[in-house]
Amino acid sequence: IATVKPAPVAPLEITDVTPAEAVETLSEIVITFSDEIEGTFDMMNMTQIYLGSGSNGCSFVVNGTTLTITPFSAITAAGDYALVIPAGLITRKADGSAVSSNKEYTFTVEEALAELTIVSVTPTEAVESLSEVVVTFSDEIEGTFESTAMDQIYLGRTEERCVGEECLARCR
């Protein structure tokens, strides 16, 4: 009688973590695993998943292959935050095998950029002829202004104001 060995099962692995880029607010972390998972997130185990010094606790939701971690208060203070998941805490639903080593991820929260505003426009007084208008913004700006982009900026008599393609047609 021949014995059939079951095919080896690949280890349970983390396949994706979001956010992957720096964010202004860290309000949710989604971790995707290679197979359906389960975990017990009671008061004892919840303290085993640690999210840096900006968090006052988190909630955890397991749904199929994803674990969603939501801080009780969104993290907005700029800095790097470490998420540590201890080995053995998350298991494969089908066979109970666990993530075999501690997993640590770093998330970066960047300072939110202030809204760009117009600080001044010159000239501010009536002039006999207008050869230049200077607009000063609250922060440095950059851009390329070609004829295809100029439909977004209009300089003309108030009663002749136009928008979009209508402006381009007048300029051609």
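Residues numbered from 1 in each chain as written. Predicted model: local features only at pLDDT ≥ 70, side-chain atom pairs only at ≥ 80, totals over all residues. Heavy atoms only, no water.

Enquirer: Explain unusual backbone geometry to me, please; I cannot follow it from the model alone.
Expert: Across residues other than glycine, the phi torsion is negative in most instances, and most of the peptide bonds are trans. Between threonine 18 and the following residue, proline 19, the backbone shows a cis peptide bond with an omega angle of 10°. Note the cis peptide between threonine 122 and proline 123, where omega equals 5°. Inspection of the secondary structure assignment puts proline 123 in the loop between β10 (118-122) and β11 (134-137). (Helix = DSSP H or I, 4+ residues; strand = E, 2+ residues; numbered from the N terminus.)

Enquirer: It is not clear to me how the sheet that holds strand β6 (residues 66-71) should be interpreted in this structure. Could you clarify?
Expert: Adjacent strands of a sheet form backbone hydrogen bonds with each other and so pair up, either parallel or antiparallel. Ordered by their spatial adjacency, four strands build an open sheet running β1-β2-β6-β5, and the pairing between neighbours is antiparallel. Edge strands, defined here as strands with exactly one partner in the open sheet, are β1 (14-18) and β5 (58-63). Within the sheet, the average angular offset between the axes of one strand and its neighbour, ignoring direction, is 15°. Sheet topology note: the strand β2 (residues 29-33)/β6 ladder contains four bridges and is antiparallel. (Pairing = 2+ DSSP bridges. Axes fitted to C-alpha atoms, helices over the stretch in contact; angles between N-to-C directions.)

Enquirer: It is not clear to me how the environment of isoleucine 14 should be interpreted in this structure. Could you clarify?
Expert: Its location among the elements puts isoleucine 14 in strand β1. With relative accessibility at 17%, the residue isoleucine 14 sits in the buried group. Residues isoleucine 14 and threonine 66, 52 residues apart in the sequence, show an inter-C-alpha distance of 9.4 Å. When near neighbours in sequence (up to four residues on either side) are disregarded, isoleucine 14 contacts Ile31, Thr32, Phe33, Lys103 and Tyr105. (Buried < 20%, exposed > 50% of the residue type's maximum accessible area, 1.4 Å probe, protein only. Contact = heavy atoms within 4.5 Å.)

Enquirer: In this structure, what is going on with the side chain of arginine 92? I would like to understand it.
Expert: Tracing the backbone through its elements, the reader meets arginine 92 in strand β8 (residues 91-92). When its relative accessible area of 4% is taken as the criterion, arginine 92 is described as buried. A distance of 2.6 Å separates a polar atom in the side chain of arginine 92 from the backbone oxygen of alanine 10. Excluding anything up to four places from it in sequence, arginine 92 contacts Val9, Ala10, Pro11, Leu12, Ser34, Asp35, Glu36, Glu38 and Ser97. (Polar contact = N/O pair within 3.5 Å; in protein donor to acceptor, adjacent residues only side chain to side chain.)

Enquirer: Would you explain the pattern of salt bridges in this entry?
Expert: Any two side chains of opposite charge can pair, so long as their charged atoms come close to each other. Taken as a whole and judged by the stated rule, the model has two salt bridges. Residue aspartate 35 pairs with arginine 92 through a salt bridge whose shortest N-O separation is 3.0 Å. Placement of the pair is aspartate 35 in the loop between β2 and β3 (37-38) and arginine 92 in strand β8, with a sequence separation of 57 residues. Ionic pairing is found between arginine 92 and aspartate 95, a salt bridge with its closest N-O pair at 3.5 Å. Take aspartate 95: its relative accessible area is 43%, and that puts it in the partly exposed class. Here the salt bridges do not stand alone but share partners, grouping Asp35, Arg92 and Asp95 into one network. (Salt bridge = Lys/Arg side-chain N within 4 Å of Asp/Glu carboxyl O.)

Enquirer: Mind showing me how you'd approach the nonpolar core here?
Expert: Taken as a class, soluble globular proteins show a tendency for nonpolar side chains to be buried jointly. In terms of nonpolar packing, the biggest core is built from 21 residues, with Ile29, Ile31, Phe33, Leu67 and Ile69 touching the most fellow members. Of all elements in the fold, only β1, β2, β5, β6, β7 (79-85) and β9 (103-109) reach the threshold of two or more residues within this core. Phenylalanine 33 has contacts with Leu12, Glu13, Ile14, Thr15, Thr65, Leu67, Ile90 and Val99, leaving out every residue within four places of it along the chain. (Core = buried A, V, L, I, M, F, W, Y, C linked by side-chain atoms within 4.5 Å.)

Purely spatial values, then, with no claim about function.
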